[in-house]
Structures are given as structure tokens and as C-alpha cells.
Amino acid sequence: MALRRIFLALRSGVPRLAPLSTAPATREQPAAGQRAVPGRREAEAARPTVPAVDFSNAQEAYRSRRSWELARSLLVLRLCASPALLARHEQLLHLARRLLGQRLFEKLMKMTFYGQFVAGEDQESIQPLIQHNRAFGVGSILDYGVEEDLSPEEAERQEMESCTSAAEKEGSGTGKRERQYQAHRAFGDRRDGVFSARTYFYANEAKCDSHMETFLRCIEASGEASDDGFSAIKLTALGRPQFLLQFSDVLTKWRQFFHQMAAEQGKAGLAAVDTRLEVAVLQESVAKMGIASRTEIENWFTTETLGVSGTLDLLDWSSLIDSRTELSKHLVVPNMQTGQLEPLLSRFTEEEELQMTRMLQRMDILAKKAAEAGVRLMVDAEQTYFQPAISRLTLEMQRRFNVEKPLIFGTYQCYLKDAYDNVTLDVQLARREGWCFGAKLVRGAYMAQERARAVEIGYEDPINPTYEATSAMYHRCLDYVLEELMHNAKAEVMVASHNEDTVRFTLRRMEELGLHPADRQVSFGQLLGMCDQISFPLGQAGFPVYKYVPYGPVMEVLPYLSRRALENSGILMGGQRQRQLLWQELMRRLRTGGLFHRPA
């Protein structure tokens, strides 16, 4: 069966991990091999406290920048905050290109928007900026910013073609998937309403190979630039998205089945990490459904797979569908509307199975290259209809490669209602199985599109109702992870945020929990050209901080720049503080004769 082959492909040649234990794991007793290093708490007593960081000191914040760079930042960020200009920015760019010609237009871009948000055209030209930022304590997350400039019609055509299986084209498979995990023509162009994330559309396997080669070059460049760099990848660039849709549908239905069983046992409403099912009652329910014989069911729930507690939680439940148990042969769940048992995964054609296998192989190649280059690999989050599969595949990579330290980082979008459940379950899984947890926390990039899609198609909005609720979710998830870091010296988290309150919250909790920047467990991330008044004071105080650094030829990154300007409008129309600090530093230099300031 296709799903069994997924896990076999991911785990081939990898020693089998110890079975999951259902004994409660406490923060006071982390998993073996992941305890804080001996004497760490004693050593902390002799170390200085967490350094204070002043985000209002404009002179220190912009010490790394020349005066003309400050003037450019003021101009570009002010233009990005103008709704009237942004509404017509594509027409204005087209007009400027016609009037100036290609050469002068590219020079204008390099002096303004391109120079503000993009590091350079290729791996060689970006090195001076990377080294300059590093001299002031700021690292880099490299990303090749080139995008195909597809028309909405072509993007929609490619998306519908690549998200529809052969069985669905024949009319025999579409209805088996939840509506959320089916392709919908109205949302075929996944760029609509998405400003801060690059979008890939599947054309063919050769294009996916090309994307992989690009990611490999980014990893190489990051490894050459520093010994602690990051590189970012997107799984939709590496294969046919139909596979991600179908696998996400499987994982979601399997989790829903668990919660249905929990409700039958009177345990509805508990946090996912706290919900435990009585195995004996569960066996009886499954037998009544006719999914398998009683003997087969008893073999699924053994002390080898579940321990001796007589209960199982969502982590145990999720493990039952991988290649380690016979249950994966059945993979059916009851349809609560029809009462009929339905297969979790539609049958793949031979070509579709080959495409799926090649996607997994590309992931493996990238992870091995990252390990070889000493570069940490961030798997970006994407739309909710792809994300369950992306998260599960990321976990499989973490199991293999995060043995001694976090090499693979998953991304958690805290604007999602289930973000806390996802974070807590993954932390628990890493603790149980003995691998190193690595995560990037973001607020999220697809809010407008996700909400519109949920309303149009008819499923629950997955997004928190307000910005305040999203901020509360972010801080709740972050606090949980920081407490894990206090007990686990090998876990790491990146706080990817432009929100000064969130950064201050992180610094305060680090102080309270005794997490010192010298441990390099907590890092911070912002976009190149944004929030230097946060990034550089952190870096100069000794905190690990990184800029997300895109690069590529001017004309080929225009789609990226266009969406970056639109995204920044949301940040910058309320970002008057940043402009005030820039202006304050320029005026200080003018008064003191420092306009020709040379960073040193």
C-alpha cells in the first residue's frame, strides 16, 4: 500500500527507534540523553545574567549602517506605508521600466526596493553583505528569491492539474477526500492574498529537480558563509502537491477518528496532549465497526507498541499507521455521516507512486547535504491543506537527522487554532523518542487566503479570530518550548517575529528560566531590510539573531519584491516607530558631523 511505502522510504536504512512508552513524561525528568549537561545550573550561577537590550537606542541600532543606507530605508519604508502607491505599484513599475529602459530600471531598483530587501544577484555577490552583518552579530538564512511570473490563469491550470489524482479525473476518487483537502478552482492561484511567502507551482519532475538543485546551492552558500547558518526549503517545490493533499487528508481523518473515540469515552474537550483512551474499550469499539478481526485488533495494542499502562494517547495512536504495525494494512475509518467504512488513502497509479518516491528522495538529498555542510534546514510552513503532511514528513526527517543536535527545524504557524496542540505533541514525541527538537515559531503568512477558502468551501475557519488571540497563542506556544529548553540542553527554537513585544516577552522568560544567549538554544529571526532596530541590538548583545536573506537577478525577483512591498504595508503603516528611529539617527549624525559615518 502507498502509505506503508511512504514510511519505508523515509526510514530505509535507519535503525528502528524504541517503541513509544505511555508512561507520563514530566518536565522534571526529560528523556534519557536529553538532560541538561552536568553542572549547567551550577555554571549559570557564575555566569552574567541575560544581557539587557535597548531597542530605543537609535545610535546603537544603526551603528552598522551608512547614512545613505538609512536615507534609503526611510524612503522605501515610507513608500511601502502608502496605500495609494501600493495599490498601483505594478503599473508604476511597468511604467518606470518603459521610460527608463532595462539597464536604468535595474539600477533604480538596486538603489531602492531591491537594495533594501534583496542581498544580491548570486551566491558571490551576496557574500559582502553576509560578512558585514555577521561582523555585527547577525547571521543569515539564505533563500533564492526567484519566482515564475505566471499569469493567474496559468497558475490556476497548473495547480488544478497537479492537485488532482488519476482516480479523481476518472470521477472515482474525489468524494473520498474531505473538502478542505480537495483542489478548488477558485483558489487555484495560491498567490492570492499571500504576500510574505514564495509560491511554487508544479510543472513536472524536471522542474522539481531544478528547485532541489537551487536549494542545494543555497545550502552550500550558507555553509561557506558561516558555521552556524540556516537554509529554508518548501516541500511544495519538491514534488506533486496531490501527494501532500492526500497524505494530509489521511492524517487529519486519523486524528479525527481518535477524537471521536475519545468523545465516546467521555473525554471530549481535553487538550490533545492530555487525552488518553482506554485500550480495552477502544478494542471493543473497533471490533464492532468491523475494521478487522478481534485477534488482529489485539495484536495492534500490545505492550511492545503501547507499554503496560492500558491506555494510549494521540502520539501512540499516530504511530499505529506507520510501517511498524499491521494496522497500516487496513487504514479505514468510519464515515460519521453514512456509517460506512472508507479507505483512508486512494490507490496511486504507478506514475503517482514514482512521483511520491522522488519527492521523498529529494528531501533526503537536501537533509544529507545540510548535515554535510553543517547547515540547519528550515522546512517552511504552508497552507493548512498541505500542512499536516508537511509536518509529518518534517518529523520523519527530524527522527533521522536530529540525533546529536537539531539539524531539521519544523515551522509552527501560531495564527492557527491548533498551534498549541501541534507544538506540545511534537515536543512530547521528541522527548519520548530521544531526538532533538528544533522549531521556528511564526505568526503565519496565509490568513486572508485561508479564511476566504474556509468560507467559500464550507469548513471551519482554522485561524484564530483576532490578532490579539494570535499573539496570545504565539506566547503560549513559545512559553511551552522555552520551558522545555530549560530542561533539555539539546532543543532549540527560533523566534521569527518583527513584534517588539514578542521579543521582549522572550527575553524576559529567558531571564526567568535561566536560558543564556551563550547556550544558543534561542535565536531570533527577521527579514532583510526590516526591523534592524530589533535585529542588530540583539546581535550586538550576544543573542543569536538571523536575517532572512533572499537573492537573485533583479528582474526575476520582481514578483518577490512586489509581494514584499504589499506585506510590509501591513507592518509599516503601523511602524512609525521604526521610521522615527531612522530619522532620529540621521539627524544626530547631521548635528554631530557624522554623516560620513563608516561602520566599524
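Here, the structure is the one placed above.
Since this is a predicted model, take the numbers as computed values, not measurements.

> Outline the overall build of the protein chain, listing residues and values.
Within the protein chain, the regular secondary structure consists of 25 helices and 12 strands. Of the roughly 25,400 Å² that the protein chain leaves accessible, carbon and sulfur atoms contribute 53%.

> Provide a residue-level description of the side chain of Thr-506, including the pertinent values.
By the secondary structure assignment, Thr-506 is in helix H22 (residues 500–513). Relative accessible area serves as the criterion here: at 0%, Thr-506 is assigned to the buried category. From its side chain, Thr-506 meets the backbone oxygen of Thr-502 in a polar contact 2.9 Å long. Sequence-distant contacts of Thr-506, defined by excluding residues within four places in its chain, comprise Leu-478, Leu-482, Val-495, Val-522 and Phe-524.

> Just give me the short version of the state of the cysteines, but keep the residues and values in it.
This model, assessed by the stated rule, comprises 0 disulfides. Sulfur of Cys-414: no disulfide; nearest cysteine sulfur belongs to Cys-477 and is 4.2 Å away.

> So what about the packing of aromatic side chains? Which residues, and what values?
Per the stated rule, a full pass over the model turns up 10 aromatic pairs. Centre to centre, the rings of Tyr-144 and Tyr-551 are 5.3 Å apart; their planes meet at 65 degrees, and the pair counts as edge-to-face. With Tyr-144 in strand S1 (residues 138–144) and Tyr-551 in strand S12 (residues 545–551), the pair connects residues that are 407 residues apart, well separated along the chain. By relative accessible area, which is 3% here, Tyr-551 ends up buried. Here the aromatic cluster, defined as three or more aromatic residues joined through ring pairs, consists of Phe-230, Phe-409 and Tyr-546. A cation over an aromatic ring shows up here: Arg-453 above the ring of Tyr-385, its NZ or CZ 3.9 Å from the ring centre.

> Run through a nonpolar patch on the surface, naming residues and quoting values.
Taken together, the side chains of Leu-95, Leu-99, Leu-100, Leu-104 and Leu-108 define a hydrophobic patch exposed on the protein surface, amounting to about 450 Å² of accessible area. Tracing the chain through its elements places Leu-108 in helix H6 (residues 89–111). A residue is classified by how much of its surface remains accessible, and Leu-108, at 33% relative accessible area, is partly exposed.

> Quick one: what's the story with the nonpolar core, residue by residue and with numbers?
Counting 99 residues, the largest nonpolar core has Trp-317, Leu-441, Leu-507, Val-522, Phe-524 and Leu-538 as the members making the most contacts within it. Per element, the largest residue contribution to this core is 8 residues, and it comes from helix H21 (residues 467–487). Those residues in contact with Leu-538, other than ones at most four positions away along the chain, are Val-53, Phe-55, Val-503, Leu-507, Phe-524, Phe-543 and Val-545. Of all hydrophobic cores here, the second largest spans 36 residues; its members include Phe-247, Val-379, Ile-390 and Phe-401.

> Break down the packing of helix H12 (residues 241–264) against helix H18 (residues 387–401) for me, with residues and values.
In the contact formed by H12 and H18, the axes pass within 7 Å of each other and the chain directions differ by 85 degrees. Between H12 and H18, the crossing angle belongs to the class labelled roughly perpendicular. Contact with H12, carried on its side by Phe-243, Leu-244, Phe-247, Ser-248, Leu-251 and Thr-252, involves Gln-387, Pro-388, Ala-389, Ile-390, Arg-392 and Leu-393 of H18 and no other residues of that element.

> Now, about the environment of Tyr-446: what can you tell me, with residues and values included?
Among the secondary structure elements, Tyr-446 is positioned in the loop between strand S9 (438–442) and helix H20 (447–457). As a C-alpha pair, Tyr-446 and Tyr-415 span 31 residues in sequence and 9.4 Å in three-dimensional space.

> Describe in detail helix H19 (residues 419–433), supporting the description with residues and values.
Taking 1.5 Å per residue as the helical rise, H19 with its 15 residues ought to reach 21 Å, and the 21 Å between its terminal C-alpha atoms agrees with that figure. Those residues of H19 that fall on the buried side of the exposure criterion are Ala-419, Tyr-420, Val-423, Thr-424, Leu-425, Asp-426, Val-427, Gln-428, Leu-429, Ala-430, Arg-431 and Glu-433. Packed against the buried residues of H19 are H12, helix H16 (314–319), H18, strand S8 (408–413), S9 and H21. Just beyond H19, the residue with positive phi is Gly-434, at close to 85 degrees.

> How would you sum up the environment of Met-356? Please name residues and give values.
Among the structural elements, Met-356 can be located in helix H17 (residues 350–373). The class of Met-356 is buried, set by a relative accessible area of 3%. In this structure the C-alpha to C-alpha distance between Met-356 and Leu-238, which are 118 residues apart in sequence, comes to 9.8 Å.

> Kindly report on the pattern of salt bridges, identifying the contributing residues and their values.
This model, assessed by the stated rule, comprises 41 salt bridges. With a closest N to O distance of 3.5 Å, Asp-532 and Arg-65 form a salt bridge. A residue pair is termed long-range when its members are at least 10 positions apart, and Asp-532 in helix H23 (residues 532–540) and Arg-65 in the loop between helix H3 (58–61) and helix H4 (67–80) qualify at 467 residues. The pair Asp-532 / Arg-65 is uniform in exposure class, with both members buried. For the salt bridge of Arg-577 with Glu-500, the shortest nitrogen-to-oxygen distance reads 3.1 Å. Separated by 77 residues along the polypeptide, Arg-577 in helix H25 (residues 576–592) and Glu-500 in helix H22 bring together distant segments of the chain. By relative accessible area, which is 33% here, Arg-577 ends up partly exposed. In this structure Glu-500 comes out as buried when scored by relative accessible area, which is 16%. What you see here is one network of salt bridges that share partners, running through Asp-479, Glu-483, Arg-508, Arg-509 and Glu-512.

> So what's going on with the environment of Trp-254? Which residues, and what values?
Structurally, the position occupied by Trp-254 is in helix H12. The exposure class assigned to Trp-254 is buried, which follows from its relative accessible area of 4%. Separated by 66 residues in sequence, Trp-254 and Leu-320 have C-alpha atoms that sit 9.9 Å apart.

> How would you explain the pairing of strand S2 (residues 230–233) if you had to name every residue and give the values?
Successive side chains on a regular strand alternate, one facing one side of the sheet and the next facing the other. Here S2 shows two buried faces, one formed by Phe-230 and Ala-232 and the other by Ser-231 and Ile-233. Bridging between S2 and strand S7 (residues 376–379) involves 4 bridges; their strand directions are parallel. Note that in S7 the partner of Ser-231 across the bridge is Leu-377.

> Give me the side chain of Glu-450: which residues, what numbers.
Considering the arrangement of structural elements, one finds Glu-450 in helix H20. Comment: no salt bridge for buried Glu-450; closest opposite-charge side chain is Arg-453, at 5.8 Å. Engagement of the side chain of Glu-450 in a polar contact is seen with the backbone nitrogen of Thr-384, the distance being 2.6 Å. Dropping the residues within four chain positions of it, Glu-450 is found in contact with Gln-383, Thr-384, Tyr-415, Tyr-459, Pro-462 and Ile-463.

> So, the sheet that holds S12: which residues are in play, and what are the values?
Whether parallel or antiparallel, the strands of a sheet pair through hydrogen bonds between backbone atoms. Around the barrel, which closes on itself, the 8 strands sit in the order S1-S2-S7-S8-S9-S10-S11-S12 with parallel pairing between neighbours. Geometrically, the sheet is characterised by an average inter-axis angle of 30 degrees between neighbouring strands, direction not taken into account. Along the sheet, H21 contacts S9, strand S10 (492–496) and strand S11 (522–527); its crossing angle with S10, the most-contacted strand, is approximately 155 degrees.

> Explain unusual backbone geometry to me, using residue names and the numbers behind them.
Although it is not a glycine, Arg-520 adopts a positive phi angle of roughly 55 degrees. By the element assignment, Arg-520 lies in the loop between H22 and S11.

Calculation notes
- Residues numbered from 1 in each chain as written.
- Predicted model: local features only at pLDDT ≥ 70, side-chain atom pairs only at ≥ 80, totals over all residues.
- Heavy atoms only, no water.
- Helix = DSSP H or I, 4+ residues; strand = E, 2+ residues; numbered from the N terminus.
- Areas by Shrake-Rupley, 256 points an atom, 1.4 Å probe, with all protein chains shown as cover.
- Buried < 20%, exposed > 50% of the residue type's maximum accessible area, 1.4 Å probe, protein only.
- Polar contact = N/O pair within 3.5 Å; in protein donor to acceptor, adjacent residues only side chain to side chain.
- Contact = heavy atoms within 4.5 Å.
- Disulfide = S-S within 2.5 Å.
- Phe/Tyr/Trp six-rings, centres within 6.5 Å; stacked < 30°, edge-to-face > 60°.
- Lys NZ or Arg CZ within 6 Å of the ring centre and 35° of its normal.
- Patch = residues over 30% accessible without salt bridge, like charges linked within 9 Å, V, L, I, M, F, W, Y side chains within 5 Å.
- Salt bridge = Lys/Arg side-chain N within 4 Å of Asp/Glu carboxyl O.
- Core = buried A, V, L, I, M, F, W, Y, C linked by side-chain atoms within 4.5 Å.
- Axes fitted to C-alpha atoms, helices over the stretch in contact; angles between N-to-C directions.
- Parallel < 35°, antiparallel > 145°, perpendicular 65-115°, else oblique.
- Expected span 1.5 Å × (residues − 1).
- Pairing = 2+ DSSP bridges.
- Lys, Arg positive; Asp, Glu negative; His and termini not counted.

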